Amino acid sequence: MNGHHRRNGTPRYSAWSLVQHGLTGAEWSRAWRAHPMRKSYDVVIVGGGVHGLATAYYLATNHGIRNIAVLEKGYIGGGGSGRNTAILRSNYLTPEGVRFYDRSIKLYERLAADLNFNVMFSQRGHLTLAHNDASLRTMHWRAEVNKLQNVDSEVIGPDKIKELVPYLDTSTTTRYPILGALYHPPGGIIRHDAVVWGYARTADANGVHIHQKTEVTGIDVEGGRVTGVQTDQGRIATPVVVNCTAGWATLISDMAGVRMPVQTFPLQAAVTEPVKPFLDTVVVSGTLHVYVSQTDRGELVFGASVDPFASYSMRGSLEFTEGVAGHVLELMPAVSKMRLLRQWAGLCDMTPDYSPIMGPTEVEGFYVDVGWGTYGFKAGPVSGEAMADCIANQRPPEIISAFGIDRFLQGRLVGEKGAAAVGH
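Residues numbered from 1 in each chain as written. Predicted model: local features only at pLDDT ≥ 70, side-chain atom pairs only at ≥ 80, totals over all residues. Heavy atoms only, no water.

1. Notes on the overall build of the chain
So, point 1. Counting secondary structure elements, the chain contains 13 helices and 19 strands.
So, point 2. Expected size for 424 residues packed as a compact globule is a radius of gyration near 22 Å; at 22 Å, the chain falls within 12% of this value.
So, point 3. Burial status across the chain gives 56% buried among its 424 residues.
So, point 4. Considering only contacts within the chain whose residues lie at least 6 apart along the sequence, 76% involve residues at least 24 apart.
So, point 5. With an accessible surface of roughly 17,900 Å², the chain has 52% of that area assigned to carbon and sulfur atoms.
So, point 6. Separation of charge centres in the chain, based on 39 positive and 39 negative side chains, amounts to 5 Å. (Helix = DSSP H or I, 4+ residues; strand = E, 2+ residues; numbered from the N terminus. Rg over C-alpha atoms; globule rule 2.2 N^0.38 Å. Buried < 20%, exposed > 50% of the residue type's maximum accessible area, 1.4 Å probe, protein only. Contact = heavy atoms within 4.5 Å. Areas by Shrake-Rupley, 256 points an atom, 1.4 Å probe, with all protein chains shown as cover. Lys, Arg positive; Asp, Glu negative; His and termini not counted. Charge placed at Lys NZ, Arg CZ, Asp CG, Glu CD.)

What follows is the structure in structure tokens.
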């Protein structure tokens with residue numbers, strides 16, 4: 001990707017190209033193109049979000065596999081990738097989880113250069129608050145696990161917290177006093193749409209076909225192996241199908257005869273009117289089931305834990321708004337006059353151990369990258385890299401070896417609930 005042009009003639013974005021287009025008034029080329037659907041592909045990826053597009057990108061760039069179709073029933077990034085709150089971190093609880101998410105942070109740090117697309121990664125720091133002794137013990141535990149994996153993470157007290165977030169109420173007279181926090185400087189926020197667009201643009205430049213408004217209706221399996229995919233646009237012959245969906249992961253896997261230990265829950269979020277920047281870090285409270293960050297445009301983004309019922313609904317609820325607003329005001333009373341602009345929901349596929357399911361299945365050629373719960377977006381780059389390696393070399397790389405579906409039968413769970421429940 002060095003030089004002025006990429007594969008297939010896609011021009012590089014640069015200050016010089018911006019000046020050229022400004023002076024000449026020339027149209028910019030399409031970021032990615034629409035292609036006629038081929039009768040067959042070497043790999044078919046179901047799901048046009050960050051996981052599906054990253055898998056396609058790394059297959060093409062790292063392994064030279066370019067005869068790939070990415071199928072998206074709506075528009076790319078229209079599912080979980082466009083509905084999350086775009087928080088990135090790697091301060092997890094298990095060594096497997098910490099290594100995995102730290103690799104993703106490292107890939108995110110260089111992603112804008114790799115994709116020639118500004119993904120607006122702001123590493124502003126991440127605070128996970130502790131309101132009781134049990135939470136504080138967990139924060140110390142996580143900090144030590146993080147340090148052993150060379151991840152920047154430490155427990156800090158109320159005074160240091162007040163320095164980082166002056167508007168946070170750190171007094172001892174609140175209903176849930178803040179005793180300390182796990183501070184993770186590499187954490188932050190990113191522009192989720194830009195990540196999706198960047199992966200799509202560069203995957204397209206490397207020969208990947210992106211088919212939007214193409215719904216998968218069936219997966220053909222003969223003799224225990226995948227032979228093709230049925231879509232509402234026709235059949236595609238392929239020896240490899242990768243399930244990179246969120247919300248519909250079980251439905252797609254059922255088409256191949258593979259059962260997934262997954263339940264789907266809505267996760268709601270909301271955003272306020274923009275104000276002058278005052279919140280430099282991401283603030284999370286597991287006790288209050290709330291997290292808050294401020295975008296580059298000045299809006300406050302709020303979120304909470306998943307709704308307490310399995311559902312495919314993506315509508316907001318008044319109960320969520322009342323609950324999250326009340327908890328945010330407990331943390332930062334000064335924002336009481338701000339107006340809420342909108343709210344929305346996404347779908348989260350929760351596994352029993354709050355860790356993903358990645359790799360091959362009992363059906364040859366059918367791979368899964370699913371079960372991402374509330375923490376899938378931050379894992380997009382490393383998941384794509386690892387799944388591409390897994391497909392190209394026909395074996396799971398070490399970094400995802402703990403996340404295989406067989407762990408549920410063998411009792412090798414990767415328990416991340418202590419760091420994933422509301423730890424966005």
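2. Quick notes on the packing of helix H4 (residues 95-109) against helix H11 (residues 380-393)
So, point 1. At a closest axis distance of 7 Å, the pairing of H4 and H11 adopts a crossing angle of 105°. In this view, H4 runs roughly perpendicular relative to H11, as classed from their interaxial angle. Only Gly380, Pro381, Val382, Ser383 and Glu385 of H11 make contact with H4, whose side of the interface consists of Phe100, Arg103, Ser104, Leu107 and Tyr108.
So, point 2. Of the residues assigned to the contact of H4 with H11, the class counts are 5 nonpolar, 3 polar and 2 charged. (Axes fitted to C-alpha atoms, helices over the stretch in contact; angles between N-to-C directions. Parallel < 35°, antiparallel > 145°, perpendicular 65-115°, else oblique. Nonpolar A, V, L, I, M, F, W, Y, C, P; charged D, E, K, R; others polar.)

3. So, the packing of helix H2 (residues 50-63) against helix H8 (residues 192-205)
So, point 1. Interaxial distance between H2 and H8 falls to 9 Å at its minimum, and their mutual angle equals 30°. As far as their axial angle goes, H8 and H2 are roughly parallel. Here the hand of the crossing between H2 and H8 comes out left-handed. Each of Val50, Leu53, Ala54, Tyr57 and Tyr58 in H2 lies in contact with H8, whose residues at this interface are Val195, Val196, Tyr199, Ala200, Thr202 and Ala203.
So, point 2. Considered class by class, the residues forming the contact of H2 with H8 number 10 nonpolar, 1 polar and no charged. (Left-handed = near helix turned anticlockwise from the far one by under 90°.)

4. Overview of the nonpolar core
So, point 1. One finds Phe100, Tyr108, Ile190, Val195, Tyr199 and Val242 to be the most contacted residues of the largest nonpolar core, which totals 63 residues.
So, point 2. Looking at this core element by element, the count peaks at 8 residues for H2.
So, point 3. By size, the runner-up hydrophobic cluster in this structure holds 27 residues, among which are Leu127, Leu288, Leu300 and Leu331. (Core = buried A, V, L, I, M, F, W, Y, C linked by side-chain atoms within 4.5 Å.)

5. A short note on the sheet that holds strand S2 (residues 68-71)
So, point 1. Judged by pairing direction, the sheet is mixed, and its 6 strands sit side by side in the order S8-S2-S1-S12-S19-S18 without closing on themselves. Each having just a single partner strand, strand S8 (209-211) and strand S18 (357-360) make up the two edges of the open sheet. Strand-to-strand twist across the sheet, computed as the mean angle between neighbouring axes with direction ignored, equals 20°. (Pairing = 2+ DSSP bridges.)

6. A few points about the sheet that holds strand S17 (residues 340-350)
So, point 1. As summarised here, the arrangement of the 8 strands in space is S5-S6-S4-S14-S15-S16-S13-S17, forming an open sheet in which the pairing is mixed. Only two strands of the sheet have a single partner each, and these edge strands are strand S5 (154-156) and S17. Taking each pair of neighbouring strands and ignoring which way they run, the sheet shows an average axis angle of 20°.
So, point 2. Where S5 meets strand S6 (residues 180-184), 3 bridges bridge the pair, whose relative direction is antiparallel. Across the sheet, Ile156 pairs through a bridge with Ala181, a residue of S6.

7. What about the packing of aromatic side chains?
So, point 1. Taken as a whole and judged by the stated rule, the model has 13 aromatic pairs.
So, point 2. Ring pairing ties together the aromatic residues Tyr92, Phe100, Tyr101, Trp372 and Phe403, which thus form one cluster.
So, point 3. The aromatic ring of Trp248 is capped on one face by Lys73, whose charged end is 4.0 Å from the ring centroid.
So, point 4. The residue whose ring lies beneath Arg89 is Tyr92, and the NZ or CZ to ring-centre distance is 4.2 Å. (Phe/Tyr/Trp six-rings, centres within 6.5 Å; stacked < 30°, edge-to-face > 60°. Lys NZ or Arg CZ within 6 Å of the ring centre and 35° of its normal.)

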